[in-house]
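# Commentary on secondary and tertiary structure
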Amino acid sequence: MLSKVKHSHNLHKCQSKSEFLTMYQAYCGISVEETVNKYVPHEYCIAICLTGSIPLGIATSASDIDLVVIVQSKEVLNNLHTKKSTLGKEMVFSSKEDESTNYMVVDVTSNIETEIVFVPLEDLSSHISKIKNNGFLMSDEKAKVFITLYSGWHIKSSDDFLAKNINSDFMGMVMLKASGQNIIYALKSLEVANEALSHCPGLSIFLARKSVERGIRSLFSFICYSFLGRKWLRFH
């Protein structure tokens, strides 16, 4: 069973990709790419991106390592299986498939916990195409995938896939769609809040607060701030 005890490290002090890669290898005894390749062979990995708190500069000594890995196809991920081991072993502790057909494993090597999310290229490319062709509803979760890939440190990117496809122009489209979608959600929440006011004031207050939150998120999206959950906002 995966331990809930967080082991401290100094990876949160890294100020650059090169510094992080050097320190990660010193702690774990293997490189970031070798960690990923325990689950998916290198020839099937299109891109590896360090995301989360470290590249954002808000990590602590107990922060997890967050990686997003783009793989060639869903079939590549069929060999991911749940394994059990003891803390410190080079084993995966869990794997799962979520609604977005992303797969996640948690690797623990030398007491360093690395959460790896695998995203099939076909799904990502489909989302990119729909956004560019103006035919895609942008939920917060979908926007978050692109935001993390854009703001993270690109450890590997075959043929500059990330730089070519998830650049500032593309992110402008993502944030505009996220802004519009949040406005729609805000208005819907406010409408229901008004209807609930007379017979369920508690629910009405809750929905009104959600409406205000959505409106604020829409504003930040519109001026090119990205919403990465309630923990932080980041400017691009």
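If you're wondering where the values come from, they're calculated on a predicted model, not measured in any experiment.

One finds Phe20 and Phe118 to be the most contacted residues of the largest nonpolar core, which totals 28 residues. Top contributing element to this core by residue count: strand S2 (residues 65-71), with four residues. Counting residues in hydrophobic clusters, the runner-up holds 21 residues, among them Leu124, Ile131, Ile147 and Met171.

Most of strand S4 (residues 103-109) sits out of view: seven of its seven residues are buried. Covered by surrounding structure in S4 are Tyr103, Val105, Asp107 and Thr109 together with Met104, Val106 and Val108, the residues of both alternating faces. Of the strand pairs in this sheet, S4 and strand S5 (residues 112-120) are connected by seven bridges, and their pairing is antiparallel. When the sheet's bridge partners are listed, Asp107 is paired in S5 with Thr114. Hairpin connection between S4 and S5: a loop of two residues separates the two successive antiparallel strands, and Ser110 in this loop has a positive phi of roughly 50°.

Okay, the confidence of the model for the chain next. When pLDDT is averaged along the chain, the result is 77, and 77% of the positions lie at 70 or above. Confidence scores differ between elements of the chain, with strand S3 (residues 91-97) showing the lowest mean pLDDT of 38 and helix H2 (residues 32-37) the highest of 94. Below a pLDDT of 50 lies the segment residues 81-101, which in the model reaches 55 contacts outside its immediate sequence neighbourhood of four places, other chains included. In this model, residues 230-236 is a region of pLDDT below 50 whose contacts with residues beyond four sequence positions or in other chains number 23 contacts.

Time to look at the packing of aromatic side chains. Tallied over the entire structure, the rule returns two aromatic pairs. Between the aromatic rings of Phe20 and Tyr24, the centroid separation amounts to 5.8 Å while the plane-to-plane angle is 45°, which identifies the pairing as tilted. Residue Phe20 and its partner Tyr24 are both found in helix H1 (residues 17-28); the two are separated by four residues, about one turn of the helix. We classify Phe20 as buried; its relative accessible area is 0%.

When charged atoms on two side chains of opposite charge get close, those side chains can pair. Evaluated as defined, the whole model comprises three salt bridges. Salt-bridge contacts for Lys38 lead to Asp107; the nearest nitrogen and oxygen are separated by 2.6 Å. Remark: Asp107 occurs in strand S4 and Lys38 occurs in the loop between H2 and strand S1 (45-51); sequence separation between them is 69 residues. Given the relative accessible area of 0%, Asp107 is considered buried. For Glu213, the salt bridge identified is with Lys210, shortest N-O distance 4.0 Å. With Glu213 and Lys210 both in helix H8 (residues 201-222) and three residues apart, the pair spans about one turn of that helix. Under the relative-accessibility criterion, Glu213 is labelled partly exposed at 22%.

Calculation rules
Residues numbered from 1 in each chain as written. Predicted model: local features only at pLDDT ≥ 70, side-chain atom pairs only at ≥ 80, totals over all residues. Heavy atoms only, no water. Core = buried A, V, L, I, M, F, W, Y, C linked by side-chain atoms within 4.5 Å. Buried < 20%, exposed > 50% of the residue type's maximum accessible area, 1.4 Å probe, protein only. Helix = DSSP H or I, 4+ residues; strand = E, 2+ residues; numbered from the N terminus. Pairing = 2+ DSSP bridges. pLDDT = per-residue confidence, 0-100. Contact = heavy atoms within 4.5 Å. Phe/Tyr/Trp six-rings, centres within 6.5 Å; stacked < 30°, edge-to-face > 60°. Salt bridge = Lys/Arg side-chain N within 4 Å of Asp/Glu carboxyl O.

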